[in-house]
Amino acid sequence: MAYDDNNIFAKILRGEIPCHKIWEDAHSFAFLDIMPRSPGHTLVITKARAENILDISEEDLAHVMAAVRHLAPAIVRAVDGDGFMIQQFNGAAAGQTVFHLHMHIVPRIEGVPLRHHATHPEDDAKLAAVAEKIRAALAEQ
Ligand code: AMP
(Lines give C-alpha, C1' and ligand atoms only; values in the text may rest on other atoms or scores of the structure.)
Protein backbone atom coordinates (compact mmCIF):
# COMPACT_ATOMS: atom_id res chain seq x y z
CA MET A 1 0.00 0.00 0.00
CA ALA A 2 1.41 3.43 -0.93
CA TYR A 3 1.64 6.14 1.71
CA ASP A 4 -1.51 8.30 1.66
CA ASP A 5 -0.74 11.99 2.19
CA ASN A 6 -4.35 12.52 3.26
CA ASN A 7 -4.25 10.19 6.27
CA ILE A 8 -5.43 11.89 9.46
CA PHE A 9 -1.99 12.12 11.08
CA ALA A 10 -0.49 13.72 7.94
CA LYS A 11 -3.27 16.30 8.20
CA ILE A 12 -2.46 16.88 11.88
CA LEU A 13 1.21 17.35 10.98
CA ARG A 14 0.26 19.95 8.35
CA GLY A 15 -1.95 21.71 10.91
CA GLU A 16 -5.12 21.01 8.92
CA ILE A 17 -6.78 19.17 11.81
CA PRO A 18 -6.48 20.27 15.45
CA CYS A 19 -4.84 18.15 18.12
CA HIS A 20 -3.72 18.39 21.73
CA LYS A 21 -0.04 18.84 21.00
CA ILE A 22 2.49 17.74 23.59
CA TRP A 23 5.85 18.27 21.89
CA GLU A 24 7.76 18.23 18.61
CA ASP A 25 11.28 18.33 17.25
CA ALA A 26 12.66 18.24 13.71
CA HIS A 27 11.83 14.53 13.27
CA SER A 28 8.85 13.63 15.45
CA PHE A 29 5.59 15.06 16.80
CA ALA A 30 3.53 14.05 19.86
CA PHE A 31 -0.12 14.64 20.72
CA LEU A 32 -2.89 13.04 22.77
CA ASP A 33 -4.93 10.14 21.46
CA ILE A 34 -8.58 11.27 21.31
CA MET A 35 -9.74 7.78 22.37
CA PRO A 36 -7.28 7.13 25.18
CA ARG A 37 -6.82 3.67 26.66
CA SER A 38 -5.85 5.50 29.86
CA PRO A 39 -5.47 9.18 30.80
CA GLY A 40 -2.33 10.61 29.18
CA HIS A 41 -2.35 8.15 26.24
CA THR A 42 -0.02 9.88 23.79
CA LEU A 43 0.84 9.23 20.16
CA VAL A 44 4.38 9.88 18.96
CA ILE A 45 4.51 10.09 15.18
CA THR A 46 7.31 10.44 12.68
CA LYS A 47 7.46 13.50 10.43
CA ALA A 48 8.63 11.19 7.63
CA ARG A 49 6.19 9.80 5.05
CA ALA A 50 6.08 6.28 6.48
CA GLU A 51 3.19 3.90 7.09
CA ASN A 52 4.72 1.39 9.42
CA ILE A 53 7.88 -0.02 10.94
CA LEU A 54 8.98 -1.71 7.70
CA ASP A 55 8.48 1.45 5.71
CA ILE A 56 10.51 3.88 7.83
CA SER A 57 14.28 4.39 7.71
CA GLU A 58 16.23 3.08 10.70
CA GLU A 59 17.32 6.64 11.36
CA ASP A 60 13.77 8.05 11.50
CA LEU A 61 12.64 5.10 13.63
CA ALA A 62 15.48 5.82 16.05
CA HIS A 63 14.31 9.45 16.24
CA VAL A 64 10.77 8.33 17.12
CA MET A 65 12.02 5.96 19.80
CA ALA A 66 14.27 8.66 21.25
CA ALA A 67 11.18 10.89 21.42
CA VAL A 68 9.26 8.13 23.23
CA ARG A 69 12.15 7.79 25.69
CA HIS A 70 12.19 11.57 26.21
CA LEU A 71 8.43 11.98 26.67
CA ALA A 72 7.39 8.89 28.67
CA PRO A 73 8.69 9.97 32.10
CA ALA A 74 6.87 13.32 31.95
CA ILE A 75 3.67 11.66 30.71
CA VAL A 76 3.73 9.11 33.54
CA ARG A 77 4.49 11.80 36.11
CA ALA A 78 1.69 14.06 34.83
CA VAL A 79 -0.96 11.38 35.40
CA ASP A 80 0.56 9.95 38.61
CA GLY A 81 1.17 6.69 36.76
CA ASP A 82 3.13 3.68 37.93
CA GLY A 83 4.44 2.62 34.55
CA PHE A 84 3.67 2.76 30.85
CA MET A 85 3.09 0.52 27.89
CA ILE A 86 4.29 1.11 24.32
CA GLN A 87 2.05 -0.18 21.52
CA GLN A 88 2.65 -0.09 17.79
CA PHE A 89 0.62 -1.82 15.07
CA ASN A 90 1.73 -2.75 11.54
CA GLY A 91 -1.04 -3.35 9.01
CA ALA A 92 -4.82 -3.58 9.32
CA ALA A 93 -4.61 -7.24 10.32
CA ALA A 94 -2.52 -6.19 13.33
CA GLY A 95 -5.02 -3.53 14.36
CA GLN A 96 -3.49 -0.48 12.65
CA THR A 97 -6.16 2.02 11.65
CA VAL A 98 -4.09 5.11 10.78
CA PHE A 99 -1.40 4.35 8.22
CA HIS A 100 1.26 6.79 9.37
CA LEU A 101 3.87 5.36 11.72
CA HIS A 102 3.12 6.05 15.36
CA MET A 103 3.97 4.74 18.80
CA HIS A 104 1.34 4.68 21.52
CA ILE A 105 2.57 5.64 25.00
CA VAL A 106 -0.09 4.32 27.38
CA PRO A 107 0.39 5.21 31.06
CA ARG A 108 -0.57 2.50 33.55
CA ILE A 109 -1.81 2.88 37.09
CA GLU A 110 -1.52 -0.11 39.40
CA GLY A 111 -4.83 -2.01 39.43
CA VAL A 112 -6.62 0.24 36.91
CA PRO A 113 -7.78 -1.68 33.82
CA LEU A 114 -7.19 -0.31 30.32
CA ARG A 115 -10.01 0.72 28.01
CA HIS A 116 -10.15 -1.12 24.70
CA HIS A 117 -8.18 0.27 21.77
CA ALA A 118 -9.84 3.28 20.07
CA THR A 119 -13.31 2.79 21.54
CA HIS A 120 -13.96 5.61 24.05
CA PRO A 121 -13.76 9.21 22.73
CA GLU A 122 -12.59 11.47 25.55
CA ASP A 123 -14.12 14.80 26.48
CA ASP A 124 -12.11 17.58 24.78
CA ALA A 125 -11.77 19.67 27.97
CA LYS A 126 -10.34 16.66 29.82
CA LEU A 127 -7.83 16.09 27.02
CA ALA A 128 -6.84 19.77 27.13
CA ALA A 129 -6.27 19.57 30.90
CA VAL A 130 -4.13 16.41 30.62
CA ALA A 131 -2.11 17.90 27.74
CA GLU A 132 -1.43 20.98 29.85
CA LYS A 133 -0.19 18.83 32.74
CA ILE A 134 2.11 16.85 30.47
CA ARG A 135 3.57 19.99 28.89
CA ALA A 136 4.18 21.36 32.41
CA ALA A 137 5.88 18.10 33.49
CA LEU A 138 8.06 18.26 30.39
CA ALA A 139 9.03 21.85 31.09
CA GLU A 140 10.23 20.80 34.56
CA GLN A 141 12.34 17.94 33.17
P1 AMP B 1 -3.68 2.48 15.39
O2 AMP B 1 -4.68 1.37 15.53
O3 AMP B 1 -2.39 2.17 16.05
O4 AMP B 1 -3.54 2.92 13.95
O5 AMP B 1 -4.27 3.67 16.24
C6 AMP B 1 -4.67 4.90 15.77
C7 AMP B 1 -5.00 5.72 16.99
O8 AMP B 1 -5.27 7.03 16.56
C9 AMP B 1 -6.22 5.24 17.79
O10 AMP B 1 -5.81 4.99 19.13
C11 AMP B 1 -7.20 6.40 17.71
O12 AMP B 1 -7.89 6.60 18.91
C13 AMP B 1 -6.27 7.56 17.39
N14 AMP B 1 -6.86 8.67 16.64
C15 AMP B 1 -7.65 8.59 15.54
N16 AMP B 1 -7.94 9.84 15.09
C17 AMP B 1 -7.30 10.70 15.92
C18 AMP B 1 -7.20 12.12 15.98
N19 AMP B 1 -7.81 12.92 15.09
N20 AMP B 1 -6.47 12.68 16.97
C21 AMP B 1 -5.83 11.89 17.89
N22 AMP B 1 -5.89 10.55 17.87
C23 AMP B 1 -6.60 9.95 16.91
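Quick caveat: nothing in here was measured; it's all calculated off a predicted structure. (Residues numbered from 1 in each chain as written. Predicted model: local features only at pLDDT ≥ 70, side-chain atom pairs only at ≥ 80, totals over all residues. Heavy atoms only, no water.)

> Just to check I follow, could you spell out the side chain of Asn52 for this structure?
With respect to the element layout, Asn52 can be found in the loop between β3 (42–46) and α2 (58–78). At 2.9 Å, the side chain of Asn52 forms a polar contact with the backbone nitrogen of Leu54. When neighbours within four sequence positions are excluded, Asn52 is seen to be in contact with Asn90, Gln96 and Leu101. (Helix = DSSP H or I, 4+ residues; strand = E, 2+ residues; numbered from the N terminus. Polar contact = N/O pair within 3.5 Å; in protein donor to acceptor, adjacent residues only side chain to side chain. Contact = heavy atoms within 4.5 Å.)

> Help me understand the site of the ligand in this model?
Around the ligand sit 18 residues, and of these Asp33, Gly95, Thr97, His102 and His117 come closest. His102 is positioned such that a nitrogen or oxygen atom in its side chain is 2.7 Å from an oxygen atom of the ligand. Contact with the protein chains hides 93% of the accessible area of the ligand, taken as 510 Å² for the molecule alone. More than half of the atoms belonging to the ligand lie within 2 Å of the grid points that define the largest pocket. Of all elements in the fold, only α1 (8–13), β2 (28–32) and β5 (102–108) reach the threshold of two or more residues within the shell around the ligand. Among the elements that take part in the shell around the ligand, α1 stands out by supplying three residues, more than any other. Of the residues that constitute the shell around the ligand, the class distribution is 11 nonpolar, six polar and one charged. (Near = heavy atom within 4 Å. Areas by Shrake-Rupley, 256 points an atom, 1.4 Å probe, with all protein chains shown as cover. 1 Å grid on protein atoms, 1.4 Å probe; cavity = no way out; pocket = protein on both sides within 12 Å on 5 of 7 lines; lining within 4 Å. Sits in = over half its atoms within 2 Å of the grid points. Nonpolar A, V, L, I, M, F, W, Y, C, P; charged D, E, K, R; others polar.)

> Even after reading the chapter, I still don't get helix α3 (residues 124–140), so can you show me in this structure?
In this model α3 runs 25 Å from its N-terminal to its C-terminal C-alpha over 17 residues, within 8% of the 24 Å that 1.5 Å per residue would give. Listed in full, the buried residues belonging to α3 are Leu127, Val130, Ala131, Ile134, Ala137 and Leu138. Within α3, the buried residues cover an arc of 125° as seen down the axis, which keeps them to one side. Away from its buried face by more than 90 degrees, α3 exposes Ala125, Lys133, Ala139 and Glu140. Among the structural elements, β1 (21–24), β2, β3 and α2 are those in contact with the buried residues of α3. (Expected span 1.5 Å × (residues − 1). Buried < 20%, exposed > 50% of the residue type's maximum accessible area, 1.4 Å probe, protein only. Arc of directions from axis to C-beta.)

> Please clarify how the sheet that holds β3 should be interpreted in this entry.
The strands making up a sheet associate through hydrogen bonds between their backbones, and the pairing can be parallel or antiparallel. Read from one edge to the other, the open sheet built from five strands follows the order β1-β2-β3-β5-β4, with strand pairing classed as antiparallel. With partners counted over all chains shown, the strands left at the sheet margins are β1 and β4 (83–87), one partner each. When the angles between neighbouring strand axes are averaged without regard to direction, this sheet yields 20°. Sheet topology places β2 next to β3; five bridges connect them, and they run antiparallel. Pairing of Ser28 across the sheet is with Thr46, part of β3. (Pairing = 2+ DSSP bridges. Axes fitted to C-alpha atoms, helices over the stretch in contact; angles between N-to-C directions.)

> Would you mind showing me how to read the side chain of Thr46 here?
One can find Thr46 in strand β3. On the basis of relative accessible area, Thr46 is assigned to the buried category, the value being 0%. One polar contact links the side chain of Thr46 to the main-chain amide nitrogen of Ala48, over a distance of 3.0 Å. Excluding residues that lie within four positions of it along the chain, Thr46 makes contacts with Leu13, His27, Ser28, Ile56, Asp60, Val64, His100 and Leu101.

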